[in-house]
Amino acid sequence: AAGRSAGVRYTSADWFRNVKSLVLLKSDILRRISGHLFFNIFVAIIGAAWHAYSPETFLNLGTTGHSLSGAALSLLLVFRTNSAYDRFWEARKILGSVVDNSRGLSRIAPTALPPQQAHEFGRMIVAFPYMLRLHLTGRGQVPIKDTSDAPDVLPYIDDKKVETIESYFSKPFATLSLMNQILHSKNALYPDEDPEKTLVMLPQRQILQRNVNLLAANTGACERILGCPVPLSYSRHLSRYLTVWSATLPFVLAPLLGWTSVPVIAAICWSLFSIEEVGHMIEEPFAALPYDQVQTKRVADVIKRDTLSMYKQQLGIDLADEVSTTKQTELASA
């Protein structure tokens, strides 16, 4: 549980396991670049064989061209990886802001709203990060009950709200819309509330509205990353440049190393292709769901944990129990 809360981190003690995964061909990056890598190993074998059996006809390119162009290739790889990491880091900062804004809501809502509205609002706080996660990981149009997040979120929202949320194209904006309705519906007039208390609570309720607006801005910022990838022409040019540079490398190293050039070229290509692939993997921090690179699940769980704790501390209630009671009442009345 502690590891999940903190996120998975690499330590120097993991070096042996990482090397073993590479040797045993269990590396995800190695699997992703295997086709490109095997092609270049094949070309390296052809180049070494050509030099070994027909050195007089061998096409020797010399070292100057690759030495000069290698510097440009290195810069392209660095810029490509940095631009991808910037997107990853921005996504982490946005999700950090989502946590902060959600905690602000869960801290104020229990006492700033009347009990019924506070309970409904708290359940929407719990639901929001899971709806955002579904939206960002390409499952926005999948029914909530059919997703892996269903056990985490369905106990906190009733069937009517599930139907409302699923009627929207964007589930997170649907959840925020429900929050707005709770804040501004006719029930928000709080007819049984003392007018003086309403006046006292007004600044806190304005903070709630501000935080809801900030969550809407956070959602839009995440969608900007999701919908605007690194320019395709940049990635294609780097891929072509790297392919041509590595495919002609045997005609540089075979005269110098002979058959030894094959493993040397394999190692060089593995290192360069891996750097390029790391850039591809972190370029889309939300899309690669199996890896959950920006810890969207952990973020949602943290918000849920803190919201439930805040409501338990301030009001002494369990939001899930409140939903169960409401459903039982509806069934009894039906």
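Structural notes, computed from the coordinates.

The rules behind these values
Residues numbered from 1 in each chain as written. Predicted model: local features only at pLDDT ≥ 70, side-chain atom pairs only at ≥ 80, totals over all residues. Heavy atoms only, no water. Helix = DSSP H or I, 4+ residues; strand = E, 2+ residues; numbered from the N terminus. Contact = heavy atoms within 4.5 Å. Patch = residues over 30% accessible without salt bridge, like charges linked within 9 Å, V, L, I, M, F, W, Y side chains within 5 Å. Areas by Shrake-Rupley, 256 points an atom, 1.4 Å probe, with all protein chains shown as cover. Salt bridge = Lys/Arg side-chain N within 4 Å of Asp/Glu carboxyl O. Buried < 20%, exposed > 50% of the residue type's maximum accessible area, 1.4 Å probe, protein only. Phe/Tyr/Trp six-rings, centres within 6.5 Å; stacked < 30°, edge-to-face > 60°. Core = buried A, V, L, I, M, F, W, Y, C linked by side-chain atoms within 4.5 Å. Expected span 1.5 Å × (residues − 1).

### Observations concerning the environment of H36
The topology assignment puts H36 in helix α3 (residues 28-53). Each C-alpha atom of the pair H36 and C269 lies 8.8 Å from the other, and the pair is 233 residues apart in sequence. Residues in contact with H36, not counting those within four places in the same chain, are T243 and F273.

### Describing a nonpolar patch on the surface
A cluster of nonpolar side chains, W15, F16, V19 and V23, forms an exposed patch at the surface whose accessible area comes to about 450 Å². Summarising the element assignment, V19 is placed in helix α2 (residues 15-23). In this structure V19 comes out as partly exposed when scored by relative accessible area, which is 43%.

### Description of the packing of aromatic side chains
All told, the structure shown has 5 aromatic pairs when counted by the stated rule. Pairing F58 with F251 gives two aromatic rings, centres 5.8 Å apart and planes at 35°, and the pair type is tilted. Within this pair, whereas F58 is found in the loop between α3 and α4 (64-112), its partner F251 is found in helix α11 (residues 250-257), the two being separated by 193 residues in sequence. The same class applies to F58 and to F251, which are both buried.

### Describing the nonpolar core
L105, F121, M179, L208 and F286 are the most contacted members of the largest nonpolar core, which totals 53 residues. Put simply, the parts of the chain that give this core at least two residues each are α4, α5 (115-136), α7 (159-166), α8 (171-184), α9 (195-227), α13 (296-315) and α14 (319-333). The dominant element in this core, judged by the number of residues it contributes, is α5, at 12 residues. Excluding anything up to four places from it in sequence, L208 contacts L105, I108, A109, A112, L113, F121 and L183. Counting 19 residues, the second-largest nonpolar core is a separate cluster that includes L30, I33, A44 and L242.

### Topic: helix α10 (residues 232-247)
Along an α-helix, residues three or four apart share an orientation, since each turn contains 3.6 residues. Here α10 spans 22 Å end to end across 16 residues, near enough to the 22 Å set by a 1.5 Å rise per residue. Among all positions of α10, only S235, L238, L242, W245, S246 and A247 are buried. Contacts from the buried residues of α10 go to α3, α4, α11 and α12 (261-283).

Nothing here speaks to function; it is all geometry.
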